[in-house]
Amino acid sequence: MEKKWWHDKVAYQIYPKSFLDTNGDGIGDLKGVTEKLDYLKELGIDIIWLSPIYKSPFVDQGYDIADYYSIGEEFGTMEDFDHLLEEAKKRGMYILMDLVVNHCSDQHVWFQKAMEDPEGRYGGYFYIRKGKDGKEPANYRSYFGGNAWEPVPGTKDLYYLHLFAKEQPDLNWENPEVRREIYKMINWWMDKGLGGFRIDAIINIKKNIDFPSYEPDGPDGLASAARMIEDAHGVGDFLEEMKRETFQKYDAFTVGEVFNMKEEELKEFIGEDGHFSTMFDFSAHTLMQGSDGWHNSRKFSFREWRDALFDAQEKAQEVGGFEANIIENHDEPRGASRFLPEWAQKEAGKKMLATTSMLLRGIPFLYQGQEIGMTNCRRNSIDEYDDISTKDQYRQALADGCSLEEALACCYENSRDNARTPMQWSGDANGGFTSGTPWLAMNPNFREINVKEQESRPDSVLNYYRKLVALRKAPEYKDIFTYGRFVPLYEDLDDIFAYSRVLEETEEGRSGEIRILANYGKQPCALTLEKPVKQVLLSNMETGAKAGQTEVTLDSCQVLVLLTQ
Ligand code: GLC
Ligand code: CA
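Okay, so let's go over this structure.

Parameters at a glance
Residues numbered from 1 in each chain as written. Chains lettered and ligands numbered in written order. Predicted model: local features only at pLDDT ≥ 70, side-chain atom pairs only at ≥ 80, totals over all residues. Heavy atoms only, no water. Helix = DSSP H or I, 4+ residues; strand = E, 2+ residues; numbered from the N terminus. Buried < 20%, exposed > 50% of the residue type's maximum accessible area, 1.4 Å probe, protein only. Lys, Arg positive; Asp, Glu negative; His and termini not counted. Salt bridge = Lys/Arg side-chain N within 4 Å of Asp/Glu carboxyl O. Contact = heavy atoms within 4.5 Å. 1 Å grid on protein atoms, 1.4 Å probe; cavity = no way out; pocket = protein on both sides within 12 Å on 5 of 7 lines; lining within 4 Å. Points joined across faces, edges and corners; volume = space filled by probe spheres on them. Nonpolar A, V, L, I, M, F, W, Y, C, P; charged D, E, K, R; others polar. Near = heavy atom within 4 Å. Polar contact = N/O pair within 3.5 Å; in protein donor to acceptor, adjacent residues only side chain to side chain. Areas by Shrake-Rupley, 256 points an atom, 1.4 Å probe, with all protein chains shown as cover. Donors = N, O, S within 2.8 Å, 3.2 Å for Na, K, Ca; no water. Expected span 1.5 Å × (residues − 1). Patch = residues over 30% accessible without salt bridge, like charges linked within 9 Å, V, L, I, M, F, W, Y side chains within 5 Å. Charge placed at Lys NZ, Arg CZ, Asp CG, Glu CD. Core = buried A, V, L, I, M, F, W, Y, C linked by side-chain atoms within 4.5 Å. Pairing = 2+ DSSP bridges. Axes fitted to C-alpha atoms, helices over the stretch in contact; angles between N-to-C directions. Parallel < 35°, antiparallel > 145°, perpendicular 65-115°, else oblique. Left-handed = near helix turned anticlockwise from the far one by under 90°.

### Considerations on the side chain of glutamate 323
With respect to the element layout, glutamate 323 can be found in strand β14 (residues 323-325). Salt bridges are absent for the buried glutamate 323, whose nearest opposite-charge side chain, arginine 361, sits at 8.2 Å. Ignoring anything within four residues of it in the chain, the contact list for glutamate 323 reads Ile270, Thr278, Met279, Phe280, Asp281, Ala312, Ala316, Arg361, Gly362 and Ile363.

See the structure below:
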């Protein structure tokens, strides 16, 4: 495998709006990010992905971009951004921007010109179609609910396509001029010195432009827009062209947000010379997906969860690619609340989850607050939520007969706002996030769970994460954690999450095997090892495991990282 500069890196996602506010307006800003670079450096972070900081009306929290070339004034100025880049560079850190090019905002000048003259040049930047029999051109449900076709104002029967909110019109990738504009923009940012991009919702750029209607999958008579995307072929041609025209020239790191990929295409996506450097592994996150929205989201067992992750590991390994491993992000509930069984929802469990995730084969991405074990946040009413999809799902739950209480409960479990509550820096007012009023109310548990408290306590989740990242990057073990094969262990045992990372002898003569053993169960569990312990590299609890032993007992919620002979 050809070695790349990002293979051994650890990444961290910042949701700038909720990270740190330095001017008291209640909104996190770029100066706040710069202020915390040393904190991130100390945690061992190399790559920082910033969720969108462009000019935006924030219908979808910045994932609706009104100008790709300017910084949203809430976040600061282009000077602030350049300063951040410079400071990151000084510390040997890389910045990734979020590339949101499936759609733009309805406030973008392209779209405004398209609405003025739908048949003109800019009309061709979007998917504008005639209705059928006085109705929309096809029956797609947008990802945020409602019809994906919106009437073009002032026309009799024209509609534009939006797979997300109606304020997020889809860009027409079939139009070469649109693609050229996008590549120009990417290169403009790369020339500033970015490390690369996280690439938003990218599978959606290829449509079936016949736009057929499908068998409805709900009482609204609509079929999920995903159905049409599944029916589209050739996204790879766009992705290769984009790579050639942009990222490749800079040896940039790219991480794709890819749902609904055709399975046989994995190699083309992340294999050697794939479309992306890596893409997120969402196999665990999609387990919960119900047939019909959050109110019938599925419960999944420990085994299903573990097996889904193992399966993804093996598939990526087979094609010689790396997945980006995550527990949570700005679209998902907090991992500690979602993946830990009730008895493990405490510090030991959070450390265990951190370990089993971060030592998998691939590129670990932490999400802000994960390193202190932030959790989901309970709200008393839907009015306390901000997120557009939460409101839609709540509505849908009520329409499908849920009580108010049930609808709210499904938001607690699923809402994207769970991860968007501001970062908890201290136990002071507003968790040290802002001196003003936070744009989204804090999770009240900031008094117990916060950076300041955890910095002062050697056995905190934060200090454990620091050790874990340091272990992953330690010169003696780095190659094993980066290039070692993933081998699942004890798969027939319930509650045991175990694997080893094995590096066969390389040309440089390095080899080794490290076992990661975790007990997600309630009861202690004894495991017999194939090879005796050489050294305990890390554990989240006092451990009795010693060199030479071939049997270890794991307490409930215990994880051991072992070098074996
Ligand atoms: C991605 C983003 C999400 C956004 C959507 C539309 O899934 O992560 O936050 O709502 O794309 O851009
Ligand atoms: Ca601010």
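Once the structure has been displayed, the description carries forward.
### Here's the deal with the layout of surface pockets
In this model, the second largest pocket occupies a volume close to 520 Å³. Forming the walls of the second largest pocket are 20 residues, and the residues nearest its centre are Phe300, Ser337, Arg338, Phe339 and Leu340. Of all the elements in the fold, those that place two or more residues in the lining of the second largest pocket are α10 (302-318), α11 (335-339) and α14 (404-414). Broken down by class, the residue content of the lining of the second largest pocket amounts to 10 nonpolar, five polar and five charged.

### Some thoughts on the environment of serine 556
Mapping serine 556 onto the fold places it in the loop between β21 (551-554) and β22 (559-564). Distance in space between the C-alpha atoms of serine 556 and tryptophan 425 is 30 Å, their sequence separation being 131 residues. Aside from chain neighbours lying at most four places away, what touches serine 556 is Trp343, Asn519, Gly521, Lys522, Gln523, Pro524 and Met541.

### So, the site of ligand 1
In the vicinity of ligand 1, 13 residues are found, and the nearest of them are Asp60, Asp200, Glu257, His330 and Asp331. Glutamate 257 has a polar side-chain atom sitting 2.7 Å from an oxygen atom of ligand 1. Isolated, ligand 1 exposes 310 Å² of accessible area, and the fraction of that covered by the protein chains is 95%. Considering only residue class, the shell around ligand 1 consists of four nonpolar, two polar and seven charged.

### Here's the deal with unusual backbone geometry
Backbone geometry at phenylalanine 58 places phi at a positive 65°, although glycine is not the residue there. Its place among the elements puts phenylalanine 58 in the loop between β3 (54-55) and β4 (67-71). For phenylalanine 58, a relative accessible area of 15% translates into the label buried.

### Points about the coordination of the calcium ion (ligand 2)
Each protein donor to the calcium ion (ligand 2) is listed here as Asp21 (OD), Asn23 (OD1), Asp25 (OD), Ile27 (O) and Asp29 (OD); together their distances run 2.3 to 2.4 Å. Spacing between the donor residues of the calcium ion (ligand 2) along their common chain follows D-x1-N-x1-D-x1-I-x1-D. Residue classification places asparagine 23 among the exposed residues on the basis of a relative accessible area of 53%. Classification of isoleucine 27 by relative accessible area gives buried; the value is 16%.

### Concerning the pattern of salt bridges
All told, the structure shown has 45 salt bridges when counted by the stated rule. Glutamate 257 is paired through a salt bridge with arginine 198; the nearest N and O atoms lie 3.5 Å apart. Taken as a pair, glutamate 257 in the loop between β12 (253-256) and α9 (266-270) and arginine 198 in strand β10 (residues 196-199) lie far apart in primary sequence, 59 residues in all. With respect to class, glutamate 257 is no different from arginine 198; both count as buried.

### As for helix α12 (residues 347-358)
Note: α-helices contain 3.6 residues per turn, so residues at a spacing of three or four share the same orientation. Taking 1.5 Å per residue, 12 residues should reach 16 Å; α12 reaches 16 Å between its end C-alpha atoms and fits that length. Three or more residues of α12 are buried, namely Ala348, Gly349, Lys350, Lys351, Met352, Leu353, Ala354, Thr355, Thr356, Ser357 and Met358.

### Concerning a negative patch on the surface
Judged by side-chain charge, Glu314, Glu318, Glu491 and Asp492 come together as a negatively charged surface patch. With respect to the element layout, glutamate 314 can be found in helix α10.

### Let's talk about the nonpolar core
Of all hydrophobic cores here, the largest spans 157 residues; its most connected members are Phe197 and Phe365. Ignoring sequence-local partners within four residues, the contact set of phenylalanine 197 consists of Tyr54, Leu96, Met97, Asp98, Leu99, Ile186, Trp189, Met190, Phe247, Phe253, Thr254 and Val255. Membership of the second largest hydrophobic core comes to 14 residues, among which are Tyr490, Leu529, Leu560 and Leu562.

### Thoughts on the sheet that holds strand β18 (residues 512-519)
The strand order across the open sheet built from five strands is β16-β17-β18-β22-β20, with neighbouring strands paired in antiparallel fashion. Each of the sheet's edge strands pairs with one partner strand only, and the pair in question is β16 (485-489) and β20 (533-539). Strand-to-strand, the axes of this sheet are offset by a mean angle of 25°, without reference to chain direction. Where strand β17 (residues 496-503) meets β18, eight bridges bridge the pair, whose relative direction is antiparallel. Across the sheet, valine 502 pairs through a bridge with glutamate 513, a residue of β18. Running at roughly 15° to β17, α10 makes contact with β16 and β17 of the sheet. Contacts between helix α16 (residues 461-473) and the sheet are confined to β20 and β22, with β20 contributing the most and set at about 135° to the helix.

### Details of the sheet that holds strand β1 (residues 11-14)
On the basis of which strands lie adjacent, the closed barrel formed by eight strands has the order β1-β2-β5-β10-β12-β13-β14-β15 and parallel pairing. Adjacent strand axes in the sheet meet at a mean angle of 30° when their direction is disregarded. Pairing between β1 and strand β2 (residues 47-50): four bridges, direction parallel. Looking at the pairing, alanine 11 lines up with isoleucine 47 of β2. Along the sheet, helix α5 (residues 176-192) contacts β5 (94-99) and β10; its crossing angle with β10, the most-contacted strand, is approximately 135°.

### A word on the side chain of serine 277
With respect to the secondary-structure elements, serine 277 resides in the loop between α9 and β13 (278-280). In this structure the side chain of serine 277 is engaged in a polar contact, spanning 2.8 Å, whose partner is the backbone nitrogen of threonine 254. Excluding its chain neighbours within four sequence positions, the residues that come into contact with serine 277 are Trp6, Ala252, Phe253, Thr254 and Phe322.

### Considerations on the packing of α5 against helix α7 (residues 235-245)
The geometry of α5 relative to α7 is characterised by a closest axis approach of 10 Å and an angle of 40° between their N-to-C directions. As judged from the angle between their axes, α5 and α7 are oblique. Crossing handedness for the pair α5 and α7: right-handed. Contacts from Arg179, Tyr183, Ile186 and Asn187 of α5 reach α7 at Phe238, Glu241, Met242 and Glu245. When grouped by side-chain class, the residues that make up the contact of α5 with α7 number four nonpolar, one polar and three charged.

### Quick notes on empty space enclosed by the protein
Counting across every chain of the model gives four cavities of 30 Å³ or more. In this structure, the largest cavity spans a volume of roughly 100 Å³. Taken together, 14 residues form the lining of the largest cavity, with Trp305, Leu309, Ile326, Ile327 and Ser357 sitting closest to its centre. Secondary-structure elements contributing two or more residues to the lining of the largest cavity are α10 and α12. With three residues, α12 is the single largest residue contributor to the lining of the largest cavity. Tallied by class, the residues present in the lining of the largest cavity amount to nine nonpolar, four polar and one charged. Its boundaries defined by the atoms lining it, the second largest cavity holds a volume of some 90 Å³. In this structure, the second largest cavity is lined by Ile203, Lys206, Ile229, Ala232, His233, Gly234, Val235, Asn260, Met261, Lys262 and Glu265. A per-class count over the lining of the second largest cavity returns five nonpolar, three polar and three charged.

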